[in-house]
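Okay, here's what each chain looks like letter by letter:
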2 protein chains.
Amino acid sequence: MELSASEIAAKARRAANLLQNVTSAQKSFALARIRQVLEERKEAIFAANALDMKLAQEAVDQGKLSAALFKRLDIKGPNEEKFQTMLQGVTDVDNLDDPIGQVTMARELDQGLDLYRVTAPVGVIMVIFEARPEVVVNISCLAIKSSNAAILKGGKEAFHTLSVLTQVMQEAIERVAKEIDFPTDAIQLVSTREHISQLLDQDRYIDLVIPRGSNQLVRYIQNNTRIPVLGHADGVCSIYLDDSADLAKAPGLVVDSKTNYPAACNTAETLLVHQSLLGSEVFSRTIEALFENGVTLRCDTRSLDAIKASPALSQYSEGNQLVASAPEDYDSEFLDLIMALVVVDSLEQAIDHVNTHNSKHTDCIVTETPAHADKYMNCVDAAGVYWNASTRFADGFRYGFGTEIGVSTNKTHARGPVGLEGLTIYKYRLFGHGHKAGDFGVGAGKKQFSHRDIPLAEVKGKFIK
Amino acid sequence: MELSASEIAAKARRAANLLQNVTSAQKSFALARIRQVLEERKEAIFAANALDMKLAQEAVDQGKLSAALFKRLDIKGPNEEKFQTMLQGVTDVDNLDDPIGQVTMARELDQGLDLYRVTAPVGVIMVIFEARPEVVVNISCLAIKSSNAAILKGGKEAFHTLSVLTQVMQEAIERVAKEIDFPTDAIQLVSTREHISQLLDQDRYIDLVIPRGSNQLVRYIQNNTRIPVLGHADGVCSIYLDDSADLAKAPGLVVDSKTNYPAACNTAETLLVHQSLLGSEVFSRTIEALFENGVTLRCDTRSLDAIKASPALSQYSEGNQLVASAPEDYDSEFLDLIMALVVVDSLEQAIDHVNTHNSKHTDCIVTETPAHADKYMNCVDAAGVYWNASTRFADGFRYGFGTEIGVSTNKTHARGPVGLEGLTIYKYRLFGHGHKAGDFGVGAGKKQFSHRDIPLAEVKGKFIK
C-alpha cells in the first residue's frame, strides 16, 4: 500500500531533522555504501532498465515517444559506460567540500556573547525530473551530501529503472543505518502524478521544489504551490552585436551561442544588431555563418532588408532560412536552429529589448567598447551577463561548481547555475553566558554592544562535523 | 486618477531597471536630498500627522483603535525627537556599506575568461506595513541604498502622513533627477486594499514582497501571491532548561526572554524543562521569577503538579497565574505575559518538541553541558539557535546589521534578522575574448577549463561604482 502524500512528507521532515546532525564522515560512509550496493545490484538494475527500454521502444514505434527521449532512458550504455559514469558521479559528489557547517559571518556582540552565521541544510527538497533515470542517483547523492531529505519523482517511462535504483539506494541506507545513526527515509520516490499535486500542498513539511524538465512542467509547478521553486521555465537568452563588435569574435560567438546545443536553456534565441552594423562585414559574416550552420533567421523589417540588400549574402533569398519575424518570436525559446533577429538604434534600446523580452537567464554583448560592456552588464537584469563570451558557458560544470542542481532564473535565494550551495541556508548560532537583552540599551548602567567582527580565518572549520 | 496595479508595477520595473546602473555617489546624493526636503517640509508633514492623530483619537474614543496603535502614529514626538530620529535614520542608512557590486566569487575559467559573482539588487520590492508611518521613509531609504524600486503600502490610520511623506520624498527624487540620472518612480505609495490584492498578482514585475505587521496580514500575503515573501507569520520561540541548567543563569534568561518585550516576535512563548529539574532550586527559582514578573504559566500535568508540590512555591496556587495548558498553547504566540510550560524526559524530546511546535524563529537551550548544546544547536531547525543567551537578541540591530528589513522564518534566500543583504541577489559577470563553449571538452584539440579561484582580496571593490 502506497503512503499518502502527507505521510511521505512527514517522513521526509523527520529524516531531515535527523540529517541536521550527521557528520561529514557519516555522509561519506553512506555515499560509499550507495555506490557499493548499486554496483552489487547492477544486474537487477539493468533488467529493470531493459523492461523500460522495451516498453519505450513500443511507444516509439507507435509514435508516442520521441527517439531522443528513448535514447536518454538507457542507463547502461556500451560496455556499461553510462552506468560506470553514474557510479563515478557518486564518488565525485562525495569528494566535494561539505557545504554544511561553513561559517559565513562571525561577530562578537559583547564579551562572551558570540554570533556565528553557519550554513545549514534547507531541509526537505522535492525534485521532479523527466527522462534520464540516473538523475535519481545524482540528486539523492547531492541531497545526502548537503544533509537534506529528498522526495523524488521521475518520468513514467523510467518507472521500473527508477524503482529499482531507489530500492537499491534505500537498501544501502538501511545497511548504513545498522552501523551508524542515519535516517532511513532520507530518500523517497513517488511515482504518480496525483502524489505530486498533493505534495505541492505540503508546504508545512517541504521547503523547496526543484523541477527539472520541460517548460510546461516547470510552469505547472510554479503555478501550483506555495513552496519556493528553484529553476527556470524559459531560457530566452540573447547575444547583442554592439557598434564596435569585433569581426574576429562576432561570427564565432553567435554561431556557438546558437548552434553548440540548440535544445539547451543557455542557447541564444535572439540576435540583436546595432543599426550601424547593417551592411558591414561583421554583419554579413555573422549572418552567413548562421546560414551555413543551418540556422533559420526570423527577421524584423530592417534586418530582412539589409540581408536581402547585402551583396555578400546574395546567394540567400527570402524563404527557407530567411523569413520575416512575428512579434512572439522575440519571446520564444525555439530549442531549435531558429533565431530571431532585431535591429536596435542604440545600446540603450538593446538593453531595453533584453529586459523586456528575455527570461533573465543569460545575455551577451559583443563589443570592443569597455564603457558599453560595463553599462550593458550593469543594466541587463539576468543571472548571467557576458562580454565577448558564448551564452553556452552558463552551466554549473563550466563555472566549476562540480555539479549542477539546475539553472535558476529566480530573483531570490539562488540565481544562474546552482551548485550544492543552492541546497543550503544558514542558522545563526549565538553562544552566551547568561546574557540578557534587557541589560543592553540607553541609560545608566546599560551595556553597549561591541559588534566586533571575528575574522573568518580564525573560525574556519569550527562547525564542520 | 490613480494608476492601476499593473501600471504601478510596470513603472516600478522600469525604475528598477534604471536603478541597476546608479552609483554609490548618486544614491548618497539622493538620500541627502531626501533628508533635506523632509526637513524643509516638516510643517506640512506635522499638519498631515495631526489630522491622522485627530481622526485616530476619535477611533480610540469609539473603541475602534487601540491606544498602543494610536501612540505609534505620532511622527513628531516631544521636541520633534521622533522626527529628528527619522531624519538621522536617513543618514544612518546612507552610511552603511553599499550592498551592491560586492564580489562574492571570482574564478578564471580559462585564460582570458574570468567569471565574477557580483551582488545586484533584487529589483522591485513591495513592502506592506502597519502603524508607524516613519517606516515609509526607512524602507524607501533602504530600497534606494540597495538600488531597488519600492512599492509601499501603509496602514489606513496613517493615510495623510504617509501621503505627505511619500510626496515629499518623490519631490526630493524629482529634484535629484534634474541634476543626475535617477528614476523618478523609485518610490511609489499605494493606499487601497484593492491595490494590494491586484499587486500580489504582478509577479511579472514584482520580485519580493515584505509584509511587516500582524500574523493575519503576513498569512494573508503568503496565501495570496506567487511572488516570494520575506518575513514571518508567527514567532513561536522557546527556551529549554536542560538537566545541567545553571542556577545563576536560568531564571534571568527565562524572565528576559519572556518579559523584556512580550509583544515582540523574538519573545519566548514556551518553557521546556528537563524532568530531572522538577523539585530543584533552578526550577523553583525560575518559576518564582516568572510569577514575580507577572507571567501566567499554562502548564502540562507534570509541571503543574511539580509547582503545586514545591515548598518554595507554596504561596502560589492554581488559578490566576497558574493554569493547566491546552494542546494549542504549545503552538501559540501569546504576545502577552503568558508562557506555556512542558516537561520533557530528554534532550531529544526537547528537540523534537521544538521542531514540531515552534515556528523556526529562535530557540534557546540553557545548559552547562557543551555536548548537549552542540546537539541542540545542530538539530533544532530554526533561524536562531542560542546557548545560554536570551531569545530577545534575535534582532538586526543587536546582530550589528545597522538596520533590519524584518525577521524571516523562510528556509530559502534570507533567514533570521535580515539586513540590507536580504534586498540583494547576484549576477554572474563573465568577461571573455571571443571564447566559445564548443572549443572545450573531451577529445583532440579541445581545451580544458582552468577553474582557478581568484582571491577576493585582489578584486575587492572592482564592481563598486
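Residues numbered from 1 in each chain as written. Chains lettered and ligands numbered in written order. Predicted model: local features only at pLDDT ≥ 70, side-chain atom pairs only at ≥ 80, totals over all residues. Heavy atoms only, no water.

**A word on helix H2 (residues 24-40) of chain A**
Residue and element names in this part refer to chain A.
Then step 1. With 17 residues, H2 extends 24 Å from end C-alpha to end C-alpha; this agrees with the ideal 24 Å at 1.5 Å per step.
Then step 2. Residues of H2 that are buried include every one of Gln-26, Lys-27, Ala-30, Leu-31, Arg-33, Ile-34, Val-37 and Leu-38, and no others. All buried residues of H2 fall inside an arc of 160° around its axis, so they share one side.
Then step 3. Taken together, the buried residues of H2 touch helix H3 (42-61), helix H5 (81-95), helix H6 (135-145) and helix H7 (159-179). (Helix = DSSP H or I, 4+ residues; strand = E, 2+ residues; numbered from the N terminus. Expected span 1.5 Å × (residues − 1). Buried < 20%, exposed > 50% of the residue type's maximum accessible area, 1.4 Å probe, protein only. Arc of directions from axis to C-beta. Contact = heavy atoms within 4.5 Å.)

**What to know about the state of the cysteines**
Residue and element names in this part refer to chain A.
Then step 1. The full count for this structure, using the stated rule, is 0 disulfides over all chains.
Then step 2. Counting only cysteine sulfurs, Cys-237 is the nearest neighbor of Cys-265, a cysteine outside any disulfide, at a range of 6.7 Å.
Then step 3. In this structure Cys-379 is a free cysteine whose sulfur lies 16 Å from that of Cys-364, the closest cysteine sulfur available.
Then step 4. By relative accessible area, which is 7% here, Cys-379 ends up buried. (Disulfide = S-S within 2.5 Å.)

**Re the nonpolar core**
Then step 1. Counting residues in hydrophobic clusters, the biggest one holds 250 residues, and the most contacted among them are A:Leu38 and B:Leu38.
Then step 2. Contact partners of B:Leu38, with chain neighbours within four places excluded, come to B:Ile45, B:Phe83, B:Met86, B:Leu87, B:Val90, B:Val137, B:Leu165, B:Val168 and B:Met169. (Core = buried A, V, L, I, M, F, W, Y, C linked by side-chain atoms within 4.5 Å.)

**Brief notes about the side chain of A:Asp207**
Then step 1. Relative to the helices and strands, A:Asp207 resides in the loop between helix H8 (193-199) and strand S6 (208-212).
Then step 2. Among the polar contacts made by the side chain of A:Asp207, one reaches the side chain of A:Arg13 at a distance of 2.6 Å.
Then step 3. A polar contact is formed between the side chain of A:Asp207 and the side chain of B:Lys411, at a distance of 3.4 Å.
Then step 4. Look past the residues within four positions of A:Asp207 in its chain and what remains in contact with it is A:Arg13, A:Val122, A:Gly123, A:Val124, A:Ile227, A:Pro228, B:Lys411 and B:Thr412. (Polar contact = N/O pair within 3.5 Å; in protein donor to acceptor, adjacent residues only side chain to side chain.)

**A word on the packing of helix H13 (residues 347-357) of chain B against helix H14 (residues 370-379) of chain B**
All names here are of chain B.
Then step 1. Close contact between H13 and H14 brings their axes to 10 Å; oriented N to C, the two are set at 25°. Our classification of the angle between H13 and H14 gives roughly parallel. The interaxial crossing formed by H13 with H14 has right-handed handedness. Within the contact between the two elements, H13 uses Leu-347, Glu-348, Ile-351, Val-354 and Asn-355 and H14 uses His-372, Lys-375, Tyr-376 and Cys-379.
Then step 2. In terms of residue class, the contact of H13 with H14 is made up of 5 nonpolar, 2 polar and 2 charged. (Axes fitted to C-alpha atoms, helices over the stretch in contact; angles between N-to-C directions. Parallel < 35°, antiparallel > 145°, perpendicular 65-115°, else oblique. Left-handed = near helix turned anticlockwise from the far one by under 90°. Nonpolar A, V, L, I, M, F, W, Y, C, P; charged D, E, K, R; others polar.)

**Concerning the pattern of salt bridges**
Then step 1. Under the definition given, this model contains 66 salt bridges over all chains.
Then step 2. As a salt-bridge pair, A:Lys42 and A:Glu80 come within 3.0 Å of each other at their nearest N and O atoms. In this pair, A:Lys42 is assigned in helix H3 and A:Glu80 in the loop between helix H4 (67-73) and H5, connecting sequence segments 38 residues apart. Judged on exposure class, the residue A:Lys42 and its partner A:Glu80 are both buried.
Then step 3. A single salt-bridge network, built from bridges that share partners, covers A:Arg13, A:Asp207, B:Lys360, B:Asp381, B:Lys411 and B:Arg415. (Salt bridge = Lys/Arg side-chain N within 4 Å of Asp/Glu carboxyl O.)

**Quick word on the packing of aromatic side chains**
Then step 1. For the coordinates displayed, the defined rule picks out 28 aromatic pairs over all chains.
Then step 2. Relative to B:Phe431, the ring of B:Tyr116 lies with its centre 5.7 Å away and its plane at 80°, an arrangement referred to as edge-to-face. You can see B:Tyr116 sitting in strand S2 (residues 113-121) and its partner B:Phe431 sitting in strand S16 (residues 424-435), a full 315 residues away along the chain. For the pair B:Tyr116 and B:Phe431, a shared accessibility class is recorded, and that class is buried.
Then step 3. Between the aromatic rings of B:Tyr399 and B:Phe401, the centroid separation amounts to 5.7 Å while the plane-to-plane angle is 85°, which identifies the pairing as edge-to-face.
Then step 4. Judged by its relative accessible area of 16%, B:Phe401 falls in the buried class.
Then step 5. Through a chain of ring-to-ring contacts, the aromatic side chains of A:Tyr116, A:Phe431, A:Phe463 and B:Trp387 assemble into a single cluster.
Then step 6. Over the face of the ring belonging to A:Phe46 we find A:Lys76, whose NZ or CZ atom lies 4.8 Å from the ring centre.
Then step 7. Sitting over the face of the ring of B:Tyr426, B:Arg117 holds its NZ or CZ atom 5.1 Å from the ring centroid. (Phe/Tyr/Trp six-rings, centres within 6.5 Å; stacked < 30°, edge-to-face > 60°. Lys NZ or Arg CZ within 6 Å of the ring centre and 35° of its normal.)

**Examining the domain arrangement of chain A**
Then step 1. Taken domain by domain, chain A holds domain 1 (5-223) and domain 2 (237-400).
Then step 2. When each unit is reduced to the centre of its C-alpha atoms, the spacing between domain 1 of chain A and domain 2 of chain A is 37 Å. (Domains from an automatic or database assignment.)

**A closer look at the packing of H6(A) against H7(A)**
All names here are of chain A.
Then step 1. Where H6 meets H7, the closest approach of the two axes is 10 Å, and the angle between their N-to-C directions is 30°. It follows from the interaxial angle that H6 and H7 lie roughly parallel. By crossing handedness, the relation of H6 to H7 is classed as right-handed. Every residue of H7 that contacts H6 at Val-136, Val-137, Ser-140 and Ile-144 is listed here: Leu-162, Leu-165, Thr-166, Met-169 and Ile-173.
Then step 2. Taken together, the residues of the contact of H6 with H7 break down into 7 nonpolar, 2 polar and no charged.

**Looking at the environment of A:Arg13**
Then step 1. Relative to the helices and strands, A:Arg13 is located in helix H1 (residues 5-19).
Then step 2. In this structure A:Arg13 comes out as buried when scored by relative accessible area, which is 8%.
Then step 3. Residues A:Arg13 and A:Gly123 lie 110 residues apart in sequence; the distance between their C-alpha atoms is 7.2 Å.
Then step 4. Not counting residues up to four positions away in its chain, the partners in contact with A:Arg13 are A:Gly123, A:Val124, A:Tyr205, A:Asp207, B:Lys360, B:Asp381 and B:Lys411.
Then step 5. Within the structure, the side chain of A:Arg13 is placed 2.9 Å from the backbone oxygen of A:Tyr205, a separation counted as a polar contact.

**Examining the sheet that holds S2(B)**
Then step 1. Read from one edge to the other, the open sheet built from 11 strands follows the order S10(A)-S9(A)-S11(A)-S8(A)-S7(A)-S12(A)-S13(A)-S16(B)-S2(B)-S1(B)-S17(B), with strand pairing classed as mixed. A single partner strand is all that each edge strand has here, and the edge strands are strand S10 (322-324) of chain A together with strand S17 (452-453) of chain B.
Then step 2. Alignment of strand S13 (residues 384-389) of chain A against S16(B), held across 5 bridges, turns out to be parallel. From the neighbouring strand, A:Val385 faces S16(B), where its bridge partner is B:Arg429.
Then step 3. Sheet contacts for helix H13 (residues 347-357) of chain A: strand S7 (237-241), strand S8 (268-274), strand S11 (338-344) and strand S12 (362-366) of chain A; angle to S8(A), the most-contacted strand, approximately 160°.
Then step 4. In this fold helix H14 (residues 370-379) of chain A packs onto S7, S12 and S13 of chain A together with S16 of chain B, with an angle of close to 145° to the strand it touches most, S16(B). (Pairing = 2+ DSSP bridges.)

**Remarks on the relation of the copies chain B and chain A**
Then step 1. For these two chains of identical sequence, chain B goes onto chain A by a turn of 180° and a shift of 0.0 Å along the axis, with RMSD 0.0 Å. The superposition operator between the copies reduces to a two-fold rotation axis. When each C-alpha of chain B is compared by its distance to the rotation axis, B:His413 comes out closest, at 1.8 Å.
Then step 2. A symmetric contact is evident, with 99% of the interface residues of chain B recurring at the interface of chain A. (Least-squares fit on C-alpha atoms with pLDDT ≥ 70 in both.)

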